[in-house]
Amino acid sequence: MTTDALYEELNYVNHSREKRLHYAQLLLSDSSLIPKTLDILFMVDDKISPRAAWILEFMCAENLEAIIPYLDRFTQNMGKVHLDSAERPVAKICQYLAIAYYGKTPSKIKAALLPTHREKIIEVCFDYLINDTKVAPKAYGMTTLFLFGKDYDWVYPELATILERDFATQSAAFKARARFIFKKIKQ
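The residue numbering used here restarts from 1 in each chain and proceeds along that chain's sequence as written. Reporting in this predicted model follows two pLDDT cut-offs: at least 70 for local features of residues, and 80 or more for side-chain atom pairs to be given and counted; totals over whole chains, interfaces and linings ignore these cut-offs and use all residues. Each side-chain value is worked out from all heavy atoms of the structure, with water and hydrogens disregarded.

### Some words on the overall build of the chain
Thinking step 1. Across its full length, the chain holds eleven helices and zero strands.
Thinking step 2. Strands are runs of DSSP state E lasting at least 2 residues, helices are runs of H or I lasting at least 4, and numbering of each runs from the N terminus. Going from the N terminus to the C terminus, the chain shows its helices and strands as α-α-α-α-α-α-α-α-α-α-α.
Thinking step 3. Atoms counted for the radius of gyration: C-alpha only. Globule rule: 2.2 Å times the number of residues to the power 0.38. The C-alpha atoms of the chain give 16 Å as radius of gyration, which agrees with the globular expectation for 187 residues (16 Å, within 12%).
Thinking step 4. Reported as C-alpha extents along the three principal axes, the dimensions of the chain are approximately 50 × 35 × 25 Å.
Thinking step 5. The buried label goes to any residue with under 20% of its type's maximum accessible area, the exposed label to any with over 50%, and the partly exposed label to all in between, with areas taken from a 1.4 Å probe on protein chains only. Burial status across the chain gives 49% buried among its 187 residues.
Thinking step 6. Throughout, a residue-residue contact means that at least one pair of heavy atoms, one from each residue, lies within 4.5 Å. Relative to all contacts within the chain whose residues are 6 or more apart in sequence, the contacts with residues 24 or more apart total 69%.
Thinking step 7. Exposure was quantified through the Shrake-Rupley algorithm and a 1.4 Å probe, taking into account, for residues, occlusion by the shown protein chains and nothing else. On the chain, roughly 9,200 Å² of surface is accessible, and the fraction owed to carbon and sulfur atoms is 53%.
Thinking step 8. For the chain, the separation between the mean place of its 25 positive charges and that of its 23 negative charges on side chains is 8 Å. Positive residues here are Lys and Arg, negative ones are Asp and Glu, while His and the chain termini are left out of the count. A charged residue contributes its charge at one atom only: NZ of Lys, CZ of Arg, CG of Asp or CD of Glu.

Now the structure itself:
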């Protein structure tokens, strides 16, 4: 399938779990579609871009290791994604990566997620927190930053400063996640 054909196919993807899972399975069964999905995802001003993000997120939920060959490209370009409905799945993929990296179970992610990848993820997650972003990317970003803060000692003080500064003006969902992260940082 060409990138153009995949682009047309993504017109049929909607918010339903069934559709997103169907297309995620398509990516897993034909890995040549993953770079094409990234091409579409990084057409950041296009209304189809979020749909590529949705199926990429579902693919990562099913098999996170499928993204390993594309980590350079993903982390280099994810900061360009700016449509709200595309930022959420990108932030969720970052959280998946952080959880796998720090998880107790063996994972190829631990070897594949290089310091350059982690630093780009940290940068983008801080951007979610300081910019006018919806709450979901902020929440996923907080969790990701908390995990990476285990190895980057400057992350916790910065994260705590931002959370304290924004706590009063943010939503209930933000406050709930921020409280949780504060407790974890203080442990």
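### A short note on the packing of aromatic side chains
Thinking step 1. Only Phe, Tyr and Trp rings take part, Trp by its six-membered ring, and two of them pair if their centres are within 6.5 Å. Stacked means planes under 30 degrees apart, edge-to-face means over 60, and tilted covers everything else. Summed over the entire model, instances satisfying the criterion amount to five aromatic pairs.
Thinking step 2. With a centroid separation of 6.3 Å and 55 degrees between ring planes, the pair formed by Tyr101 and Phe148 is classed as tilted. Of the two residues, Tyr101 sits in helix 6 (residues 84–102) while Phe148 sits in helix 9 (residues 135–148), which places them 47 residues apart along the sequence. Accessibility assignment for this pair places Tyr101 and Phe148 in one class, buried.
Thinking step 3. Between Phe126 and Trp154 the ring centres are 5.8 Å apart and the planes differ by 25 degrees, which places this aromatic pair in the stacked class. You can see Phe126 sitting in helix 8 (residues 115–130) and its partner Trp154 sitting in the loop between helix 9 and helix 10 (155–166), a full 28 residues away along the chain.
Thinking step 4. Here a set of aromatic residues connected by ring pairs shows up, and it is made of Tyr101, Tyr102 and Phe148.

### As for helix 2 (residues 17–29)
Thinking step 1. Every helix has an expected span of 1.5 Å times one less than the residues it contains. Helix length check: helix 2, at 13 residues, gives a terminal C-alpha distance of 18 Å against a target of 18 Å (1.5 Å per residue), a fit within 8%.
Thinking step 2. Within helix 2 the residues assigned to the buried category are Arg20, Tyr23, Ala24 and Leu27. When helix 2 is viewed along its axis, its buried side chains cluster within an angular range of 105 degrees and face the same direction. In helix 2, the exposed positions that point more than 90 degrees away from the buried face belong to Glu18 and Ser29.
Thinking step 3. Each element contacted by the buried residues of helix 2 is listed here: helix 1 (3–9), helix 3 (33–41), helix 4 (49–62) and helix 6. Think of the arc as the fan of directions from the helix axis to the C-beta atoms.

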